[in-house]
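# Chain and residue survey
One-letter residues, chain by chain:
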Amino acid sequence: MEKNELLKKNLSEAILEGEESAAGEAAKALMAEGWKAVDIFEKLIVPTLTELGHRFERLEAYLPDLMIAADTVKVVRKVLDDQITDDSDRTKSRGAVVIGTCQGDVHDIGKDMVALMLEVNGFDVYDVGVDASVQAFINKAEDVNADIIGMSSLLTSSMPYMEDLVGQLKVQGKRDQFAVIVGGGPVTPEYAEKIGADAYGRDSTAAVNICNEIVS
Ligand code: B12
């Protein structure tokens, strides 16, 4: 097997097996082969987790498997983050973004990647964490005079809080103060439009492009 293919397979298998050091080594070796850290994340790690999600749905994987893989990805992220931060373009602040995961939802791998990519692309990022209430997003956005509020959801049951946020901003007379962007597994551009969000972002690169557009 070609070296690149072997390293990709090693990374994916190590994540699924929870072999943290092997996963870290595979990520380093891919970077040595010229892979950009963000591409390792978006093109290799995300599909691996998505496939694991399908196995979970088919009852071929169980909750502990998801937890092991998520923990391993967090270790790999430390290896990737160094390269991402080295490529950082932080000459001036492009704007402030409040980001978090919707109430009832603890998935944070995607949200954290979006936050990091925004940060290294010059945004001041304020993370309200996971399982964050609609009012927690609004309070933080007011505190830091944010330009943008970004909400992440991986559960269909936590998505409705995105609509709640837009609604609450209207009720509180603050809808014009903040742009609202949404993303995460079950979220679609159609859903974003339906609830009156300003934009939907498919991945961390899209999130940076959208935020740049909003503040320019
Ligand atoms: C890892 C994982 C977990 C881990 C999470 C660990 C962690 N710290 O995040 C643990 C084990 C805790 C977990 C728990 C559960 N999980 Co889970 N999990 C996953 C899994 C396998 C991967 C998620 C992930 O990290 N993906 C990779 C990231 C990078 O992708 P992402 O979040 O989508 O982010 C990208 C984009 O969407 C975008 N993006 C994300 N956020 C934002 C925000 C903005 C503003 C923008 C612009 C863009 C953006 O950019 C990111 C980078 O590309 C998914 C499978 C899947 N298909 O996603 C299931 C999945 C999400 N889980 C699922 C379920 C059911 C659960 C549980 C209910 C299981 C249970 N029975 O307890 C619990 C719920 C816990 C809770 N209350 O939240 C289901 C959800 C089904 C649904 N539609 O509601 C999935 C889809 C699995 C499945 N196919 O059944 N899970």
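Here is what the cut-offs are and how they apply
- Residues numbered from 1 in each chain as written.
- Predicted model: local features only at pLDDT ≥ 70, side-chain atom pairs only at ≥ 80, totals over all residues.
- Heavy atoms only, no water.
- Domains from an automatic or database assignment.
- Contact = heavy atoms within 4.5 Å.
- Buried area = accessible area lost by both parts, 1.4 Å probe.
- Salt bridge = Lys/Arg side-chain N within 4 Å of Asp/Glu carboxyl O.
- Polar contact = N/O pair within 3.5 Å; in protein donor to acceptor, adjacent residues only side chain to side chain.
- Helix = DSSP H or I, 4+ residues; strand = E, 2+ residues; numbered from the N terminus.

On to the domain arrangement of the protein chain, then. Taken domain by domain, the protein chain comprises domain 1 (3-86) and domain 2 (95-215). Just the C-alpha atoms count here: the centres of domain 1 and domain 2 sit 25 Å apart. Contacts between the two partners involve 11 residues from domain 1 and, on the opposite side, 10 residues from domain 2. Of the roughly 890 Å² buried at the junction of domain 1 and domain 2 (both faces included), carbon and sulfur atoms supply 71%. Among the residues of domain 1 in contact with domain 2, E42, R77 and I84 are the three that bury the most area, contributing 46% of the side total. Counting across the interface, domain 1 meets domain 2 through 1 salt bridge. Here K74 ties to D108 by a salt bridge, and the two come within 2.8 Å at their closest N and O atoms. Taken together, the connections running from domain 1 to domain 2 amount to 2 residue pairs in polar contact (both at pLDDT 80 or more). Counting residues per element, the ones that place at least two in the side of domain 1 that touches domain 2 are α3 (37-57) and α4 (63-86).

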